[in-house]
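Architecture and fold: a report
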Amino acid sequence: MTSTELKIPAHIAIIMDGNGRWAAARGLPRLEGHRAGTENLRQIIRACVELGVKYLTLYAFSTENWGRPKEEVNGLLTILESVIDHELNELNAEGVRIVHVGRLEAMPKKIRQKVCHSMEKTRNNEKLVLNIAWNYGGRDEIVCALQEIVKAGIPAEKINEEVITQHLFTHGSPDPDLIIRTSGEMRVSNFLIWQSAYAEWYFTPTLWPDFNKEELKKAIDNYSHRKRRFGKL
Ligand code: IPE
Ligand code: IPE
Ligand code: MG
């Protein structure tokens, strides 16, 4: 199948895993792996824009990742901050709309403000919706949605799948068509557990900092050959 025949998923979600192992293999501190993984983001986002992907969701920090050593958590927060500082203008110029998915409250105020600013600044962009899952947990998201539904006074008989979907952090994005997990791990790790009901999964042993445009195309090519049935015939 040539690239012109690729079936482009409207929504790709990525579990960007393997930064720590990438660093360890080079005798570097884990944070260097996270930095390398961040550098890599630029080409993947650009490739998605070029290929016509409309939604890209990146799993950057899970609710469970707070359990890592303080130094690593702080380093990851600093990386998030510097990505916003250095990439916002270019992403904005490229028509990328930034959306944070996850709970903002637990994040330091300064970073929270920067995240909100980046969402506000890019809110009218239409080329690509970039969902950044930071302090995101699929279970936490469902808890949060239920809290919002109760607070809104929606009666039990009015609660359906549509109502729950609308109250998730990802509201406004369709369900992911393709979920990619790098680094050889084959598990969900609390990512998009509601939205992934009929997603196609693609696993690759490649560690996230080494995942490039060619690898992305390979994943999309693989996806193009899948027959999605959604429970029907
Ligand atoms: C993924 O890489 C990034 C985050 C979870 C923040 P890891 O840090 O999990 O890397 P490995 O899995 O230890 O190699
Ligand atoms: C999932 O990776 C979270 C992110 C990529 C942000 P983890 O490395 O945290 O997942 P586990 O611990 O291997 O399941
Ligand atoms: Mg990992």
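The structure reproduced in this document is the subject of the present report. (Residues numbered from 1 in each chain as written. Chains lettered and ligands numbered in written order. Predicted model: local features only at pLDDT ≥ 70, side-chain atom pairs only at ≥ 80, totals over all residues. Heavy atoms only, no water.)

1. Focus: the overall build of the protein
Rules: Labels follow the DSSP assignment, with helices taken as runs of H or I lasting at least four residues and strands as runs of E lasting at least two, numbered in each case from the N terminus. Radius of gyration: over C-alpha atoms. The globule rule applied is 2.2 Å multiplied by the number of residues raised to the 0.38 power. For every residue, the accessible area obtained with a 1.4 Å probe (protein chains only) is divided by the maximum for its type, and the residue is called buried under 20%, exposed over 50%, and partly exposed between those limits. By definition in these notes, contact holds between two residues if any of their heavy atoms fall within 4.5 Å. Under the convention used here, a 1.4 Å probe and the Shrake-Rupley method define accessible areas, while residue burial counts only the protein chains that appear.
The number of helices and strands found in the protein is 7 helices and 6 strands. The C-alpha atoms of the protein give 18 Å as radius of gyration, which agrees with the globular expectation for 233 residues (17 Å, within 12%). Taking the principal axes of the C-alpha coordinates as reference, the protein spans close to 55 × 50 × 35 Å. Sorting the 233 residues of the protein into buried and exposed places 47% on the buried side. A separation threshold of at least 6 residues defines the contact pool for the protein, and within that pool the share at least 24 residues apart is 78%. In the structure as shown, the protein presents an accessible area of about 12200 Å², 52% of it carried by carbon and sulfur atoms.

2. Observations concerning the site of ligand 1
The test is simple: Nearness of a residue to a molecule or strand requires only that one of the residue's heavy atoms be within 4 Å of it. Definition of a polar contact: a pair of N or O atoms within 3.5 Å, with one able to donate and the other able to accept a hydrogen when the atoms are protein atoms, and with sequence-neighbouring residues admitted only if both atoms are side-chain atoms. Gly is put with the polar residues, along with every residue not named as nonpolar or charged; the nonpolar set is Ala, Val, Leu, Ile, Met, Phe, Trp, Tyr, Cys and Pro, and the charged set is Asp, Glu, Lys and Arg.
Surveying the vicinity of ligand 1 reveals 13 residues, the closest of which are Asp17, Gly20, Arg21, Arg30 and Arg68. Backbone polar atom of Asn19 to an oxygen atom of ligand 1: 3.2 Å apart, as the coordinates give it. With respect to ligand 1, the side chain of Arg68 contributes an N or O atom lying 2.7 Å from an oxygen atom. Relative to its free-state accessible area of 370 Å², ligand 1 is covered by the protein chains to the extent of 86%. Mapped by element, the contributors of at least two residues to the shell around ligand 1 are helix H1 (19-24), helix H2 (30-51) and helix H3 (70-93). With 3 residues, the top contributor of residues to the shell around ligand 1 is H1. Its residues assigned to classes, the shell around ligand 1 comprises 3 nonpolar, 5 polar and 5 charged.

3. Observations concerning the packing of aromatic side chains
Filter applied, for reference: Working definition: a ring pair exists when centres of Phe, Tyr or Trp rings (six-membered ring for Trp) sit within 6.5 Å. Plane angles under 30 degrees give stacked, over 60 give edge-to-face, the rest tilted. A positively charged side chain is recorded as over a ring if its NZ (Lys) or CZ (Arg) lies within 6 Å of the ring centre. The angle to the ring normal must also be within 35 degrees.
Counted according to the given criterion, the structure contains 10 aromatic pairs. Taken together, a centroid distance of 5.0 Å and an interplanar angle of 75 degrees make the contact between Phe61 and Trp66 edge-to-face. Each residue in the set Tyr59, Tyr136, Phe169 and Phe191 is aromatic and connected to the rest through ring pairs, giving one cluster. The ring of Trp22 carries the charged tip of Arg26 above its face, separated from the ring centre by 4.0 Å.

4. Points about the side chain of Asn19
Turning to its location among the elements, Asn19 is positioned in helix H1. A relative accessible area of 11% means that Asn19 is categorised as buried. Polar side-chain contacts of Asn19 include one of 3.1 Å to the side chain of His34. If near-sequence neighbours (up to four positions away) are discounted, Asn19 is found in contact with Gly33, His34, Gly37, Trp208 and Pro209.

5. Examining the site of ligand 2
The environment of ligand 2 is formed by Ile15, Met16, Asp17, Tyr59, Ala60, Phe61, Asn65, Arg68, Arg181, Arg187 and Ser189. Note that an oxygen atom of ligand 2 is positioned 3.3 Å from one of the side-chain N or O atoms of Arg181. A distance of 2.6 Å separates an oxygen atom of ligand 2 from a polar side-chain atom of Ser189. For ligand 2, whose unbound accessible area comes to 390 Å², protein coverage reaches 77%. No other element matches strand E2 (residues 55-62), which puts 3 residues into the shell around ligand 2.

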